[in-house]
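Residue strings, one per chain:
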Amino acid sequence: MTENYQIVIIGTGPAGLTAAIYSARANRSTIVLEGPQPGGQLTQTTEVENYPGFADGIQGPEMMEIFRKQANRFNAATVFESAIDVDFSSRPFKIKSDADKEYTADAVIIATGASAKKLNIPSEHKFYGYGISGCATCDGFFYRGKKVFVVGGGDTAMEDALYLTHFAESVTLIHRRDEFRASKIMLDRVKEHPKISLMLDSVIDEFLGEEKMMMKSLTGVKIRNVKTKEVTEHQVDGVFLAIGHTPNTLLFQDVIETDDVGYIKTLGKSTYTNIEGVFACGDVQDPTYRQAITAAGSGCAASIDADRFLTEHSQ
Ligand code: NDP
């Protein structure tokens, strides 16, 4: 079965759903294929306090539900399907979904996001979002006067550790080696900061916590020194993983131009990709800011770019 749309948006989250709101309001027939994690990374966070317009904060999943409702209000279709194959060789573009459907599109907006890398140990799954976070700027505020750990040895880990000193009583940086990928200037700042201590050659073996009724909270971690093999237990209120992000671009490999890490390359300040009529927005093309508000902004830009492209092509 084939359905035809002017604009097909692949992926949700603030970028994809904002693109949908703008595209539908521009009177373009629009569908969003929500993908394997409808609503994106925000559905894995708890409270969002830094998105303008929600003065009292809002739960991430609830915020995405509001975005979706707003898109639906202007007749953008949103379906819980994942794109599994794309043909961008000529227009209209073709997109196959895991529901055995095919969509054609005069323009495509890619908003598949990125995923914060995880340690992939069983206890991490249990406490993710309940003391374990992949975003210091999103969740750091909740750790005022608390004890936090940051995992990683790159610039993000340094930046997160320094940022968290604004709130936390103490910050411990855990890194699996004794050498760093981070730039020297960032590393020096971390080393010199009185609130930050380093725990090197160390990895987290297990997250420890409490589960009471429906409430879960992280209370500690087991850390193994990879050289001495010694395992020690530490009390901690929050752990921030800063071990990199993976852009969700597997589907577009060899189709769309990406950088070395896999982020989609956009041209200049626009959302144009190397394929005419295919646009990218949000974290899938942004290794730098990665905020809900910047993703939403680029979703708006992608929709405007797509609308202008269609007008220029008399569609
Ligand atoms: P990086 O890939 O640079 O660093 C990831 C870190 O996480 C590495 O130290 C790595 O260890 C560690 N790591 C990866 N997997 C695991 C694991 N399973 N267990 C434990 N540790 C792990 O990612 P970043 O996000 O830090 O940076 C990405 C890019 O963004 C870089 O180019 C960086 O320079 C840039 N950036 C720049 C900033 C700035 O200029 N202000 C701020 C933030 C990022 P190992 O070293 O052993 O591999």
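Model, not experiment: these values are computed from the prediction. (Residues numbered from 1 in each chain as written. Predicted model: local features only at pLDDT ≥ 70, side-chain atom pairs only at ≥ 80, totals over all residues. Heavy atoms only, no water.)

1. Overview of the sheet that holds strand β17 (residues 238–241)
Step number 1: Across the sheet, which stays open at both edges, the five strands sit in the order β10-β17-β11-β12-β13 with parallel pairing between neighbours. Both outer strands of the open sheet, β10 (132–133) and β13 (196–199), are each paired with one neighbouring strand and no more.
Step number 2: Direction of pairing for strand β12 (residues 170–174) relative to β13: parallel, over a ladder of four bridges. In the strand pairing of β13, I174 is matched with M199.
Step number 3: Running over the sheet, helix α5 (residues 155–164) touches β11 (147–151), β12, β13 and β17 and is turned about 170° from β11. (Pairing = 2+ DSSP bridges. Helix = DSSP H or I, 4+ residues; strand = E, 2+ residues; numbered from the N terminus. Contact = heavy atoms within 4.5 Å. Axes fitted to C-alpha atoms, helices over the stretch in contact; angles between N-to-C directions.)

2. Regarding the sheet that holds strand β15 (residues 215–225)
Step number 1: The strand order β14-β15-β16 describes an open sheet built from three strands, whose pairing is antiparallel. Each of the sheet's edge strands pairs with one partner strand only, and the pair in question is β14 (202–212) and β16 (231–235). Here the average twist between neighbouring strands, direction ignored, is 30°.

3. Regarding the packing of aromatic side chains
Two numbers describe a pair of aromatic rings. These are the distance of the centres and the angle of the planes.
Step number 1: Enumeration over the complete set of coordinates arrives at 10 aromatic pairs.
Step number 2: Here the aromatic rings of F88 and F93 are separated by 5.4 Å at their centres, their planes lie at 70°, and the arrangement is edge-to-face. The same class applies to F88 and to F93, which are both buried.
Step number 3: Judged by centre distance (4.8 Å) and plane angle (75°), the rings of Y272 and F279 are edge-to-face.
Step number 4: A relative accessible area of 0% means that F279 is categorised as buried.
Step number 5: Between the NZ or CZ atom of R25 and the centre of the ring of F74, over which it lies, the distance is 5.4 Å. (Phe/Tyr/Trp six-rings, centres within 6.5 Å; stacked < 30°, edge-to-face > 60°. Buried < 20%, exposed > 50% of the residue type's maximum accessible area, 1.4 Å probe, protein only. Lys NZ or Arg CZ within 6 Å of the ring centre and 35° of its normal.)

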